[in-house]
Amino acid sequence: MAIIVYDLDHTLINADCSELWLQYLIDTDQAGTQLIEEAERQRQQYMNGTLDMQDYLKMILKTHIGQTPDEATAGIDDFIRDYVVPAIRTDALTNIQQHQASGDRCVVISASVDFLVKPIAKFLGIEDAIGVQIETRAGLITGAGHEVICYQEGKVFFYTQWLREQNESSAGSWFYSDSHNDLPLLEHVDNPVAVTPDPQLLAVSDARNWQVMHWQ
């Protein structure tokens, strides 16, 4: 058995689940269209590797400040059905099923907020999932994240923490990702795989002879 790690956005799904969530909030009259413009600006920062995750979280969570996590995600089932399902990569589902049939243990590790990552991962058939942990006070969302963010080197932190908690070994591990922001974790596992990679990750993958896959 091996540990199989998947990035979520633009890897398992052909979209960013946070941007899909903002569109859902706009379409259901819970947020204004200016959030999409801000999301696009921050997406460019993500592509450049310069994204400030605390600023990003403030934008993503703006609508939910003062809500409980359950209140914030009251429409999660409709969201997954109408917004996420059309973006799921068929090849991703096949890959997950092949690894699980071989007895491997799959886990999603994503830089999107955990209240989106966990239910989406479960819908995809993966019980283990780690996303950005958000701060709550008296049970209410503050709009901030915890000190360590599940992004770039933070993914390695949460992955190794999860391994210790689950008494699992990283020997023989795999990580599938599209983004150069995931290089720290790609370098940490035994079998890094670039999936429909961005130009920066493709260049690194070619230089290091990493496997490259193009999922539909």
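Along every chain, residues carry numbers that run from 1 in the direction the sequence is written. Per-residue local features are limited, in this predicted model, to residues with pLDDT of at least 70; the limit for side-chain atom pairs, both in listing and counting, is 80 or more; totals at the level of whole chains, interfaces and linings are taken over all residues. Where side-chain values are given, they derive from all heavy atoms of the structure, hydrogens and water being excluded.

Moving on, we get to the sheet that holds strand 1 (residues 3–6). At least two bridges found by DSSP between two strands are what make those strands a pair. Runs of E in the DSSP output that reach at least two residues are strands. Runs of H or I that reach at least four are helices, and both are numbered from the N terminus. Read from one edge to the other, the open sheet built from six strands follows the order 3-2-1-6-7-8, with strand pairing classed as parallel. Two strands close off the open sheet at either side, each with one partner strand: strand 3 (128–132) and strand 8 (211–213). Across the sheet, the mean angle from the axis of one strand to that of its neighbour is 20°, orientation sign disregarded. Bridge count between strand 6 (residues 174–177) and strand 7 (residues 191–195): four bridges; the pairing is parallel. When the bridges of strand 7 are listed, Trp174 appears paired with Asn191. By definition in these notes, contact holds between two residues if any of their heavy atoms fall within 4.5 Å. Note on method: axes are straight lines fitted to C-alpha atoms, helices fitted across the in-contact stretch only, with angles between N-to-C directions ranging 0 to 180 degrees. Running at roughly 165° to strand 1, helix 6 (residues 90–101) makes contact with strand 1, strand 2 (105–113) and strand 6 of the sheet. Helix 7 (residues 114–123) contacts strand 2 and strand 3 of the sheet and is inclined by roughly 150° relative to strand 2.

On to the packing of helix 1 (residues 17–27) against helix 2 (residues 34–48). For any two helices packed against each other, the geometry is given by the interaxial angle and the distance between the axes. Close contact between helix 1 and helix 2 brings their axes to 10 Å; oriented N to C, the two are set at 170°. When the interaxial angle is binned, helix 1 and helix 2 end up roughly antiparallel. Between helix 1 and helix 2, the residues in contact are Glu19, Leu22, Gln23 and Ile26 and Leu35, Ile36, Ala39 and Arg43, respectively. By the convention adopted, Pro, Cys, Tyr, Trp, Phe, Met, Ile, Leu, Val and Ala count as nonpolar, Lys, Arg, Asp and Glu as charged, and the other residues, Gly among them, as polar. Residues belonging to the contact of helix 1 with helix 2 are distributed by class as follows: five nonpolar, one polar and two charged. For classification purposes, angles smaller than 35 degrees are called roughly parallel, those larger than 145 roughly antiparallel, those between 65 and 115 roughly perpendicular, and all remaining angles oblique.

Okay, the pattern of salt bridges next. Salt bridges, as used here, are contacts in which a Lys or Arg side-chain nitrogen is within 4 Å of a carboxyl oxygen on Asp or Glu. Evaluation of the coordinates by the stated rule reveals eight salt bridges. Of the charged contacts in the structure, one is a salt bridge between Asp82 and Arg81, with a shortest N-O distance of 2.9 Å. Throughout, exposure labels follow a simple rule: accessible area from a 1.4 Å probe, protein chains only, divided by the maximum for the residue type, with under 20% read as buried, over 50% as exposed, and the rest as partly exposed. The exposure class of Arg81 is partly exposed, given its relative accessible area of 48%. One salt bridge in this structure joins Asp128 and Arg105, with 3.0 Å as the shortest N-O distance. Here Arg105 lies in strand 2 and Asp128 lies in strand 3, a separation of 23 residues in the sequence. By the burial criterion, Asp128 is buried, and Arg105 matches it. The network of salt bridges with common partners includes Asp7, Lys155 and Asp182.

Looking now at the state of the cysteines. By convention in this document, the label disulfide applies to cysteine sulfur atom pairs within 2.5 Å. This model, assessed by the stated rule, comprises zero disulfides. Here Cys106 stays unpaired: no disulfide links it, and the sulfur of Cys150, its closest cysteine neighbor, is 17 Å away. On the accessibility criterion, Cys106 (6% relative accessible area) is buried. Between Cys150, a cysteine without a disulfide, and Cys17, which holds the nearest cysteine sulfur, the sulfur-to-sulfur distance is 12 Å.

This part takes up the pairing of strand 5 (residues 140–145). Of the strand pairs in this sheet, strand 4 (residues 134–137) and strand 5 are connected by three bridges, and their pairing is antiparallel. Pairing of Thr136 across the sheet is with Ile141, part of strand 5. Where strand 4 folds back on strand 5, the antiparallel hairpin that results is connected by two residues, among which Ala138 adopts a positive phi of roughly 55°.

Another point: unusual backbone geometry. Phi is positive for Ala138, close to 55°, though the residue is something other than glycine. Here Ala138 shows up in the loop between strand 4 and strand 5. Positive phi, normally seen in glycine, also occurs at Asn209, with a value near 60°. Note on placement: Asn209 falls in the loop between helix 10 (199–208) and strand 8.

Our next topic: the side chain of Asp7. Residue placement: Asp7 occurs in the loop between strand 1 and helix 1. For Asp7, a relative accessible area of 3% translates into the label buried. Each polar contact in these results corresponds to two N or O atoms within 3.5 Å; when the atoms are within protein, one needs to be able to donate a hydrogen and the other to accept it, and residues that are neighboring in sequence are counted only if both atoms are side-chain atoms. Within the structure, Asp7 has its side chain in polar contact with the side chain of Thr11 (distance 2.9 Å). Within the structure, Asp7 has its side chain in polar contact with the side chain of Lys155 (distance 3.1 Å). Apart from the residues lying within four places of it in its own chain, the contact partners of Asp7 are Leu12, Ile109, Ser110, Lys155, Phe175, Tyr176, Ser177, Asp178 and Asp182.

Shape descriptors only; they carry no functional weight alone.
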